[in-house]
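For reference, the chains in residue letters:
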Amino acid sequence: MKQTPFTDKHIALGAKMHEFAGYNMPIEYSGIIDEHLAVVNGVGVFDVSHMGEFWVKGPKALEFVQKVTSNDASKLEVGKVQYSYFPNDKGGIVDDFLVYRYESDKYLLVVNAANIEKDWAWCQQHNEMGAELENGSDKCAQLALQGPKATELLQKLTDTDLSKIPYYTFAVGEVAGCPNVIISNTGYTGAGGFELYFYPDYGMKIWDALFEIGQVYGIKPCGLGARDTLRLEMGFCLYGNDIDETTSAIEAGLGWVTKFVDGKDFPGRTLLQQHKDGATERKLIAFELKDKGVPRQGYDILDANGDKIGIVTSGTMSPCLKKGIGMGYIQKEATKIGNEIGIGIRNRILKAEIVKTPFRK
């Protein structure tokens, strides 16, 4: 298995480790619920160095990004970030990711760890215009500092004015004496905070500084387990669960990052336009259990008559709401907010209600 700059630290701290996307990653330290609540109420740190980073450079950079991504990168200013995805020619999703406009002719694509090789091949395959592409994944480490106390903590380690980095923007500055750190106001938890991108050699210096300063804030190291429960409470899609190459972005509620602007001819555009015009049979919904239980991926979703109308794609026991929550695809005509549905758990049918996201307000 591959290692991040922090793997030995995770092991030394007693983290429960497991393979994820080819890396030896921490799943939990003090427990998923404890780490989840630490992020919601204070501050936690996630090692996300396994994520992929692709650089797109040169005079053809924007043309390339417009060709392969769903969102309208022409609207992206230097210092701004967009959520986007790679559409395939069948209307599905190759991957979802973040697009950073680093300089006027330089973009950074931050992709999911499990899809790095697939995404890199996809980008190379669609680079007919000759943009300069660089897979910088092995030269970049990343920590996500998340929670309502993250900004106050991080400000003690940088001269960059964090109040001037609003949501989905970034700056490049020095953190804990380490130069050229991308300080990005993005995250996958809904609790606020920053993601820090830096050279791997700076990893332990930044980690140690965060935890030294962070003691007074009750900082905790967090694993991928809490990262998953936090994103699900916000209703954020997880690639491989809620979206994949067979799911339409329109069905998944990602029409807001699917831009049919003139001159933007991305793969699957015609099909996705048809989906937007109503040519779909299902839709991704969120639900809360009324009965006690924990919904899991693969469980059946049933209508009031007990007939199957869909399947759960993500589910958990919400640490904040203390009830079962989940998402799944069901027949479009049954997706009204407030509708009662059933979740088939083993030999039982538990009552649930379709709700709006985020679950955690």
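Cut-offs used in this document
Residues numbered from 1 in each chain as written. Predicted model: local features only at pLDDT ≥ 70, side-chain atom pairs only at ≥ 80, totals over all residues. Heavy atoms only, no water. UniProt positions renumbered as here; feature names shortened; annotations may be inferred. Helix = DSSP H or I, 4+ residues; strand = E, 2+ residues; numbered from the N terminus. Buried < 20%, exposed > 50% of the residue type's maximum accessible area, 1.4 Å probe, protein only. Contact = heavy atoms within 4.5 Å. Phe/Tyr/Trp six-rings, centres within 6.5 Å; stacked < 30°, edge-to-face > 60°. Lys NZ or Arg CZ within 6 Å of the ring centre and 35° of its normal.

Going by what an unreviewed UniProt entry lists, the chain is known as Aminomethyltransferase and is assigned to Porphyromonas crevioricanis JCM 15906. Per UniProt, the comment on the chain under Subunit (unreviewed entry) is "The glycine cleavage system is composed of four proteins: P, T, L and H."

S.K.: Looking at this model, I keep getting lost on the UniProt feature "binding site: substrate" (unreviewed entry) in the chain. Mind explaining?
M.R.: On the UniProt side, "binding site: substrate" (unreviewed entry) is annotated at positions that read Glu 195 here. Take Glu 195: it is sitting in strand S12 (residues 193-198). On the basis of relative accessibility, which here comes to 5%, the residue Glu 195 falls in the buried class. The contact partners of Glu 195, leaving out residues within four places of it in the chain, are Leu 98, Tyr 100, Gln 142, Leu 143, Ala 144, Ile 182, Ile 183, Ser 184, Thr 186 and Gly 187.

S.K.: Mind showing me how you'd approach the UniProt feature "domain: Aminomethyltransferase C-terminal" (unreviewed entry) in the chain here?
M.R.: Those places that UniProt annotates as "domain: Aminomethyltransferase C-terminal" (unreviewed entry) correspond, in this numbering, to residues 282-359. Across residues 282-359, the secondary structure splits into 0% helix and 55% strand, with the terminal C-alpha atoms separated by 21 Å.

S.K.: Quick question: what am I supposed to make of the packing of aromatic side chains here?
M.R.: Each aromatic ring pair is summarised here by two numbers: the centre-to-centre distance and the angle between the ring planes. A complete count under the given rule lists 14 aromatic pairs for this structure. Ring geometry for Phe 86 against Phe 97: centres 4.2 Å apart, planes inclined by 35 degrees, an arrangement best described as tilted. In this pair, Phe 86 is assigned in strand S5 (residues 81-87) and Phe 97 in strand S6 (residues 93-103), connecting sequence segments eleven residues apart. Here a set of aromatic residues connected by ring pairs shows up, and it is made of Trp 55, Tyr 100, Tyr 102, Phe 170 and Tyr 197. Just above the ring of Tyr 329 sits the side chain of Arg 282; from NZ or CZ to the centre is 4.1 Å.

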